[in-house]
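# Structural overview
Okay, here's what each chain looks like letter by letter:
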Amino acid sequence: MNKTTLTFYGGLRSIGGTIVSLQYGSDRVIFDFGLVYSPQTNILDGQIQVRESAMTRDYLTLGLIPKIDGIYHETSLPIGSSLIPANQYQGKTAVLISHLHLDHIGGMGFIDPSIPVFMSKDSHDLYQTLEMIGEGVNGDRTYESCEYDKPFFVGKIKITPLQVDHDIPGACGFHIETPDGSVVYTGDLRLHGTHPERVESFITKAKTLGFDVVIIEGTTLSSEEELPEELLVANKDIPAELITEPKVPKVMTELLHDKQGIGIFNIYHRNIDRIAGVLQAGQLLNRKVVFEIGTAQLAANLLNTTSFYIYESESLRLLRENNQLQDWQINLLDTYPSLSAQVINKSPHEYLLQNSYDHALELFDLNTEKGLYFHSDGVPLGDYDPAFHNLQRILDYLGLAKVAVGTGGHALPQHLQYIVEELDPNVLIPLHSFHPERLTPKRGIQLLPQYGKTYMLKNGALVEQNI
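- Looking at an unreviewed UniProt entry, one finds the protein chain named MBL fold metallo-hydrolase, with Ornithinibacillus massiliensis as its source organism.

As C-alpha cells, then:
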C-alpha cells in the first residue's frame, strides 16, 4: 500500500542546509539541497585543494551532503558505499529549490543530472546570470523552471509553488499534496522586506489549498535568555527602530550626506533589492554608483538600468590588457563606462563604490580619507567568521570608518509566530534554526523531527516510524 512519508536529512538545528524528502509510494520530492555555512568549522577551509573530479565522493565521505539512495551518479559514490545510485532507483525523484542562497542550493550540482531540479522562473533567470559570471554551483546540469501558483506533478505528488518575500529574487514556498494529505514548506521569508504583501498572499493561498503540516524556517529564534517569551507574541507590526529593506537607501544617504570622502559598500549581490537600493542612494546623494563587474552584470540583466559604472580593478585591467576577458565582460564593458582608481581618486566624494571582501586589497589603491564603509549584509556576515576580523584589520589600517547598514532576510520572531498562528496547522515543524522549539502552534502539535527517523502522514498527523 502506498503511503506518504517525510524524512529529514539536514537543517533541523542549523541555519541552512535544509534537506527534506517527501515520498509517496516510490515517488518523491526533495527540498531544498543546500550546504551549511560554517566557516569556523568547515574542514574545506580554502587551503585544502578541492578535487573537482571527486567532489561528490569527498562531500559524502565528509558528511557535508547526506547519504540518500537514488540521487547520486554511480561513479560518484565512495568505494564500498551501499547507497543505491540514481540509475537503479525505482521511482520518480525531483528536487525543489525554494531560492538561490547557497545554504539552500549549494549541493545541487552533486545531484545526478538525470534528476530534474525545479526552481521558480525568477530564480532561474537569476541563476542563468550567476552561472554567466562564474557563480553557479559545482556540477554540469540543467535546471527546470516552474511558475508561481501553477501546479505540476512528480508521479502522484502535486506541487504548487507559492511566492514569498526574501532578500533574493524568486523565493517561494511549496504546497505539496499527495492522496494522504498536504504539506506546506515556507522556504525562507520575511515581512520587513520590499514585498510583505507576498507573504500575506502566501498565507491566504496556502489556507485556500489546505494542509495538514507546515514546515517553516526559524532563523531568528534564539534562547529564552536572549528572547524572553513576551517578545514571541504574534505581531505583524514593524518595529519603528528596524531598518527595513526600503529604508536602507535612506539611511545610507543620511550617513554619507555630509561626508567629504568616498562611500564604499559591501553587499551580497544576489540581493537585487539591495542593488536597487544602492542605486537609489547614489541618486539621492548625486554620487556615481560604481559596481564590480559581476554585480554590474546582475544589475544590467535583472534591473534593466544604465545608471551605473564598472570599477576597473587591478585584475580587470590585467585581463583587458592581456585579451583574457570573457565574452560577457567584453559586452558589458562595451556597453557601460568603466572607472579606474586613478580617476575616482581625483574626486572621491563623487562616488559610491562597491568593494567585496575578496577584493578588499583593492581598497589600498583608493583615496579613502574621510570616507565611509557600509557593511550592508555582505560577506563576512559576522564575527563568528574569522574573515570578519581580517576585514576590520584592513579597515583599521586604512583608517576607514565602518558602519553596518542592512536588514535581515528572515522574519522576526514575532512575525514567525504571526505567520504560524495565521496558518494554524495540525502539525508544525520549525527548522532552519538553532532554537526551533521556541516556535509553537496555535492549537496543533509541534514536531521537532530527528535524523534517522521517518514520519508517516496519516489522518492529518505525522506518525514516527523507523527508517
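### Remarks on the pairing of strand S3 (residues 27-31)
- S3 sits mainly inside the fold: 5 of its 5 residues count as buried.
- Because side chains alternate across S3, one face comprises the buried residues Asp27, Val29 and Phe31, and the other comprises Arg28 and Ile30, equally buried.
- Sheet topology note: the strand S2 (residues 19-24)/S3 ladder contains 5 bridges and is antiparallel. When the bridges of S3 are listed, Gln23 appears paired with Arg28.

### Here's the deal with the sheet that holds strand S20 (residues 445-446)
- Ordered in space as S7-S8-S9-S10-S11-S19-S20, the 7 strands form an open sheet in which the pairing is mixed. The sheet terminates laterally at strand S7 (152-154) and S20, the two strands that pair on one side only.
- With 6 bridges connecting them, strand S8 (residues 157-163) and strand S9 (residues 172-178) associate as antiparallel partners. Looking across to S9, one finds that Lys158 is bridged to Glu177.

### Observations regarding unusual backbone geometry
- With an omega dihedral of -25°, the bond running from Phe31 to Asp32 counts as a cis peptide bond.
- Of note, Asp32 is situated in the loop between S3 and helix H1 (55-62).
- Going from Val379 to Pro380, the amide bond is cis rather than trans, its omega being 0°.
- In this model, Lys370 sits at a positive phi of 65°, which is unusual for a non-glycine residue.
- In this structure, Lys370 sits in the loop between strand S16 (351-354) and strand S17 (372-376).
- One non-glycine residue, Asp424, lies in the positive phi region at around 50°.

### Brief notes about a nonpolar patch on the surface
- Where nonpolar side chains cluster on the molecular surface, the patch consists of Ile43, Ile48, Leu62 and Leu64 and spans about 320 Å² of accessible area.
- Within the fold, Ile48 resides in the loop between S3 and H1.
- What makes Ile48 partly exposed here is its relative accessible area of 42%.

### With respect to the nonpolar core
- Ranked by internal contacts, the top residues of the largest apolar core, which has 62 residues, are Phe33, Tyr72, Leu100, Met108, Phe291, Phe308 and Ile310.
- Per element, the largest residue contribution to this core is 6 residues, and it comes from helix H6 (residues 272-285).
- Aside from chain neighbours lying at most four places away, what touches Phe308 is Leu279, Val289, Phe291, Ala296, Ala299, Ala300, Tyr336 and Pro337.
- Counting 31 residues, the second-largest nonpolar core is a separate cluster that includes Phe8, Cys146, Phe174 and Tyr185.

About the thresholds
- Residues numbered from 1 in each chain as written.
- Predicted model: local features only at pLDDT ≥ 70, side-chain atom pairs only at ≥ 80, totals over all residues.
- Heavy atoms only, no water.
- Buried < 20%, exposed > 50% of the residue type's maximum accessible area, 1.4 Å probe, protein only.
- Helix = DSSP H or I, 4+ residues; strand = E, 2+ residues; numbered from the N terminus.
- Pairing = 2+ DSSP bridges.
- Patch = residues over 30% accessible without salt bridge, like charges linked within 9 Å, V, L, I, M, F, W, Y side chains within 5 Å.
- Areas by Shrake-Rupley, 256 points an atom, 1.4 Å probe, with all protein chains shown as cover.
- Salt bridge = Lys/Arg side-chain N within 4 Å of Asp/Glu carboxyl O.
- Core = buried A, V, L, I, M, F, W, Y, C linked by side-chain atoms within 4.5 Å.
- Contact = heavy atoms within 4.5 Å.

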